Amino acid sequence: MLQKSGIYWGIYMKQANEIEHKENFDLLPYNTLRISSVADDVYFPSTKDEFVLLLSNLDNPLIIGKGSNLLLSSYGIKRPVIVTKHLNKVDIEPPVIEAEAGVPVSKLAEMALELKLHGFEFFSALPASLGGAVCMNAGANTQAVSDYFISAEVYDSIEDKVKTFSKEDMNFTYRNSALKNQDRYILLSAKFELLYGDDYTSIETLMRDNVEKRKEFQPSLKDPNIGCVFKNPVNENNYSAGQLLDMCNLKSCPVGGAMVYFRHANFIINFNNATSLDYLKLMKEMQNRVLEKFKIKLQPEVVYVGDNKNEAELWKSLTTK
Ligand SMILES: Cc1cc2nc3c(=O)[nH]c(=O)nc-3n(C[C@H](O)[C@H](O)[C@H](O)COP(=O)(O)OP(=O)(O)OC[C@H]3O[C@@H](n4cnc5c(N)ncnc54)[C@H](O)[C@@H]3O)c2cc1C
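*Asks:* Give me the lowdown on the nonpolar core, citing residues and values where you can.
*Replies:* Counting residues in hydrophobic clusters, the biggest one holds 97 residues, and the most contacted among them are V81, L108, L130, A133, V134, L187 and I268. Those residues in contact with V81 that lie beyond four places of it in its chain are L27, A39, D41, V42, P61, L62 and I64.

*Asks:* Which residues make up the domain arrangement of the chain, and what values do they have?
*Replies:* When its domains are assigned, the chain resolves into domain 1 (9–83), domain 2 (90–201) and domain 3 (241–319). Counting from both sides, the interface comprises 13 residues of domain 1 and, opposite them, 14 residues of domain 3. Take the side of domain 1 that touches domain 3: its biggest share by element is three residues, from strand β4 (residues 70–72). Residues of the side of domain 1 that touches domain 3, tallied by class, amount to eight nonpolar, three polar and two charged.

*Asks:* Residue-level account of the environment of E168, with values.
*Replies:* With respect to the helices and strands, E168 occurs in helix α5 (residues 167–170). Once the C-alpha coordinates of E168 and I150 are considered, the two residues, 18 residues apart in sequence, prove to be 9.5 Å apart.

*Asks:* Explain the sheet that holds strand β5 (residues 81–83) to me, and be specific about the residues and the numbers.
*Replies:* Strand order across the open sheet formed by four strands is β1-β2-β5-β3, with mixed pairing between neighbours. One side of each edge strand has no neighbouring strand; the edge strands of this open sheet are β1 (20–26) and β3 (62–64). Each neighbouring strand pair of the sheet contributes to a mean axis angle of 30 degrees, computed without reference to strand direction. Of the strand pairs in this sheet, β1 and strand β2 (residues 38–44) are connected by six bridges, and their pairing is antiparallel.

The rules behind these values
- Residues numbered from 1 in each chain as written.
- Predicted model: local features only at pLDDT ≥ 70, side-chain atom pairs only at ≥ 80, totals over all residues.
- Core = buried A, V, L, I, M, F, W, Y, C linked by C-beta atoms within 7 Å.
- Buried ≥ 20, exposed ≤ 12 C-beta atoms within 10 Å, placed from the backbone.
- Contact = placed C-beta atoms within 7 Å.
- Domains from an automatic or database assignment.
- Helix = DSSP H or I, 4+ residues; strand = E, 2+ residues; numbered from the N terminus.
- Nonpolar A, V, L, I, M, F, W, Y, C, P; charged D, E, K, R; others polar.
- Pairing = 2+ DSSP bridges.
- Axes fitted to C-alpha atoms, helices over the stretch in contact; angles between N-to-C directions.

This is the structure we're talking about:
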């Protein structure tokens, strides 16, 4: 259901009808929490042009990469949805790598390894698309997306224009960027300049370590989850969100089908047909317990999407500072 009628719409009508589109589609395969969430309209563009065409003609679309940070409402999604999985083009001119929004970042880590380029090792452990990783300024250990970022092509939905953003324009901060929570800028592709200098084995070792270390403490996708629930707060003792939650004895705490992971208190897993409301209620319990004990209000790292009244109220109380 294309809603806006842009000036060039007539010209593009034929192209638009060829874009893969599904109605009343369950997004369960497109979120790593494996929550059933039916969307009215879902589009799967296969080129950047198709992506821009959709962006300029749909009202406030939700963009989904790998859905590894998204809490989708079990009550369904009314906004049109665009899934970027087919936007997979990568251009390489070593040490520069440019990739489209839908490219899985683990694939970029493998490519960089083959070229003996350093900088994408942390990508090997992330179940993310490039668009989601740039939007969230994803990071792990000592690396983050912003480190080797040069520029990006973004679509500005207010001006209905494609623009080039420099690193400054992106306003990267901890797990944040100009793309997050604004619904204005959408990433089409991004360019990175990596570093020469490491040999193949040291890059591969770093990549393997990133994956292995996680296996000890973090859930794999066999225990469906969407990564760290809360951001690490600034506090005088430098406690991480996981440590604070652990000190509140929250490991294994359940609400409905959702449960705090038994090895790491900053992860919630879907262990038994959890709903988005179960997840939000458990988040609220976790946030309250840390607030009571440490006077620190944890802020969500995950992103909730939905418009059910109860859920929206809970989300509002979770995100107010
Ligand atoms: C097991 C596990 C481990 C994780 N470990 C880490 C970790 O170590 N470090 C870390 O930072 N994160 C981690 N995460 C969280 C998650 O992988 C990252 O936040 C990732 O960057 C999200 O990418 P995605 O493609 O899945 O984005 P999605 O979940 O699909 O989307 C996330 C947000 O990005 C927006 N978005 C997606 N594509 C675009 C686009 N093209 N343009 C604009 N906005 C867009 C979405 O609308 C949404 O707001 C982990 C998650 C899991 C499940």
